Amino acid sequence: MTVDLTIVWAGIIAFAVAMYVVMDGFDLGIGMLFPLIRVGAERDAAMNAIAPVWDGNETWLVLGGGGLMAAFPLAYAVVLPALYAPLIAMLLGLVFRGVAFEFRWRDPRHRRGWDAAFCAGSAVATFAQGVTLGALLQGIAVRGRAYAGGWWDWLTPFSVLTGVSLMIGYALLGSCWLIWRIEGALHEDARRFARRLTPAFLAAIGAVSFYTPFLEGKYYQRWFVWPGLLVTLPMPLLVAGAAAMLWRGIAKGKDHAPFLWALAIFMSALAGLGVSIWPDVVPGRISIWQAASPHDSQVFMLIGVAFLIPAILGYTGWAYWVFRGKVGQDGYHAHGA
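Q: Help me understand the overall build of the chain, please; the structure alone is not making it clear to me.
A: When its secondary structure is counted, the chain shows 15 helices and six strands. A globule of 337 residues ought to have a C-alpha radius of gyration of about 20 Å, and the chain, at 20 Å, matches this closely. Across its three principal directions, the C-alpha atoms of the chain cover 60 × 45 × 40 Å. Here the chain holds 337 residues, and 48% of them are scored as buried. In the chain, 77% of the contacts between residues at least 6 apart in sequence involve partners at least 24 apart. Roughly 15,600 Å² of accessible area belongs to the chain as shown, and the carbon and sulfur atoms make up 71% of that amount. Considering the chain, the positive charge centre built from 23 side chains and the negative charge centre built from 19 side chains are found 6 Å apart.

Here it is in C-alpha cells:
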C-alpha cells in the first residue's frame, strides 16, 4: 500500500498547530488576565505557574511554520505576503512577552511596566493569531501561483471576530490552568474568571460558527451536505457536553477537570475547522497536493521529523512532570499536588 506523504505532512502540521494551541494558549491567557490579578505575590505565583514551560511551548509554532514552508512551499509563498501585518504583529507580541517575562524578575523597580508589557504582548500575539485564522478562512486572493490581494485584505469584521474570540478562549484556558496549578486567593479568583469566560467563549464560538458557512460556498457544502453532516451534526452536541462538564468542574471545586474540558472545547473547534478547509491548505484556492513539495523532499524531511517530534514530546513531558505540583504563594511547586 502506497502512503500519500502529502496527507502525512498535512497531519503533522495540523498536529503541531493543535499542540501549540494546547501548550501556549494557557500562558498567553494568563498574560491577558494579568490586569485582574493582584500585584505582588499573586502575580509572582501566576508567573511561576508557567515559568518552567512557557518558552518550550512555542516550539510547536516553529515546527508548524517551518513545516509549512518545507512541505507546502506554494502555500507558504501565498499566505505569507497576504498576512504579513498580523504575523509580524504576532511575532512582536511574542518578543515583548518574552522580554517582559525575564526582565520583571531582574528589574523590580520597573516591574509594573514589565507586567504591562507582558499583558500587552500576550494580547497582541493572541489577537494576531485569531486575525490570521479569520483571514485564512475568509479567503485569500490568488492569481496563478501568487498572492493577488491588497495590504489590508486581512482586516475584516470576521477576522476581528476570530481575533477577539481567540482572546476569550485563551483567557479561559489561562484561568483553568490557574485553577489547576495555584493555591490560595488566586485559585478562587481563577474560578470566578472561568465562570465569566465560559459563556463568553461559547457565544464567540457560536458567532464564528454561524458566520463561517457563508464565507465560501465550499464551507456550506462541507457543513450541510452529506457526508459532511456526519461531522457537523454531532459537533454542537460535543461542544455543549464539554461546556456542561467544564461548568460542573468549576462549580464542584475540581482542580484539573476545568482545564481538560476547556481543551476539549478547543479540540472540537479545531476539528470543525479541519472539516471546513479539508483538503485545502489555502481555503478555496490551493489544495494540499497542489502546494506540496517534491516527494523526495517530503521523505527527507519526514526522516528528521520522525526523530524531532518524539524528542520534543519527551522533554516537554519531562518538564511538565517535574513541575507537576501546585504553586503556592511562595512560588514553590508541591509535587504530586
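Q: Could you clarify how one ought to interpret the pattern of salt bridges in this entry?
A: Two side chains carrying opposite charge are able to pair once their charged atoms lie near each other. Scanning all chains against the criterion turns up eleven salt bridges. One salt bridge connects Glu 102 with Arg 106, and the closest N-O pair in it is separated by 3.2 Å. Residue Glu 102 and its partner Arg 106 are both found in helix 6 (residues 84-106); the two are separated by four residues, about one turn of the helix. Relative accessible area serves as the criterion here: at 31%, Glu 102 is assigned to the partly exposed category. Of the residues examined, Arg 106 reaches a relative accessible area of 60% and is grouped as exposed. When salt bridges that share partners are traced, they join Arg 43, Asp 44, Arg 104, Arg 111 and Asp 115 into one network.

Q: I tried to follow the nonpolar core on my own but got confused; where do I start?
A: Soluble globular proteins tend to pack their nonpolar side chains together in the buried interior. One finds Phe 72 and Tyr 170 to be the most contacted residues of the largest nonpolar core, which totals 90 residues. Looking at this core element by element, the count peaks at 15 residues for helix 1 (residues 5-33).

Q: What am I meant to see in a nonpolar patch on the surface here?
A: Side chains of Tyr 84, Ile 88, Leu 92, Phe 96, Trp 151, Trp 152, Leu 155, Val 160 and Val 164 sit close together on the surface and give an oily, nonpolar patch of about 910 Å² of accessible area. Those elements giving two or more residues to the nonpolar patch turn out to be helix 6 and helix 8 (157-181). Ranked by the residues each element gives to the nonpolar patch, the list is headed by helix 6, at four residues. When you line up the elements, Phe 96 lands in helix 6. Overall, Phe 96 belongs to the exposed group, its relative accessible area being 53%.

Q: Whenever I open this one, the environment of Thr 212 confuses me. Can you help?
A: On the secondary structure map, Thr 212 appears in the loop between helix 9 (185-211) and helix 10 (217-224). Within the local environment of Thr 212, its side chain forms a polar contact with the backbone oxygen of Val 208, the two atoms lying 2.7 Å apart.

Q: Even after reading the chapter, I still don't get the packing of aromatic side chains, so can you show me in this structure?
A: Two aromatic rings are characterised by how far apart their centres lie and by the angle between their planes. Evaluation of the coordinates by the stated rule reveals 15 aromatic pairs. Centroid distance Phe 26 to Phe 259: 5.8 Å. Interplanar angle 80°. Geometry classified as edge-to-face. Placement of Phe 26 in helix 1 and of Phe 259 in helix 13 (residues 257-277) is noted, with a sequence separation of 233 residues between them. Look at Phe 259 and you get buried, because its relative accessible area is 5%. With centroids separated by 5.7 Å and ring planes inclined at 45°, the aromatic side chains of Trp 180 and Phe 259 adopt a geometry described as tilted. Pair noted here: Trp 180 is in helix 8 and Phe 259 is in helix 13, with a separation of 79 residues, a long-range link.

Q: Which parts of the structure should I look at to understand empty space enclosed by the protein?
A: Over the atoms a probe the size of a water molecule is rolled, and this reveals where empty space is left. This structure, assessed with the given rule, holds one cavity of 30 Å³ or more. Taken as a whole, the largest cavity encloses approximately 60 Å³ of empty space. Looking at the largest cavity, it is lined by eleven residues, and the ones nearest its centre are Ala 49, Val 53, Trp 177, Arg 181 and Phe 323. Every element with two or more residues in the lining of the largest cavity is listed here: helix 2 (41-50), helix 8 and helix 15 (295-322). Among the residues forming the lining of the largest cavity, the class breakdown is seven nonpolar, three polar and one charged.

What counts as what
Residues numbered from 1 in each chain as written. Predicted model: local features only at pLDDT ≥ 70, side-chain atom pairs only at ≥ 80, totals over all residues. Heavy atoms only, no water. Helix = DSSP H or I, 4+ residues; strand = E, 2+ residues; numbered from the N terminus. Rg over C-alpha atoms; globule rule 2.2 N^0.38 Å. Buried < 20%, exposed > 50% of the residue type's maximum accessible area, 1.4 Å probe, protein only. Contact = heavy atoms within 4.5 Å. Areas by Shrake-Rupley, 256 points an atom, 1.4 Å probe, with all protein chains shown as cover. Lys, Arg positive; Asp, Glu negative; His and termini not counted. Charge placed at Lys NZ, Arg CZ, Asp CG, Glu CD. Salt bridge = Lys/Arg side-chain N within 4 Å of Asp/Glu carboxyl O. Core = buried A, V, L, I, M, F, W, Y, C linked by side-chain atoms within 4.5 Å. Patch = residues over 30% accessible without salt bridge, like charges linked within 9 Å, V, L, I, M, F, W, Y side chains within 5 Å. Polar contact = N/O pair within 3.5 Å; in protein donor to acceptor, adjacent residues only side chain to side chain. Phe/Tyr/Trp six-rings, centres within 6.5 Å; stacked < 30°, edge-to-face > 60°. 1 Å grid on protein atoms, 1.4 Å probe; cavity = no way out; pocket = protein on both sides within 12 Å on 5 of 7 lines; lining within 4 Å. Points joined across faces, edges and corners; volume = space filled by probe spheres on them. Nonpolar A, V, L, I, M, F, W, Y, C, P; charged D, E, K, R; others polar.

The analysis is restricted to geometry; functional conclusions fall outside its scope.
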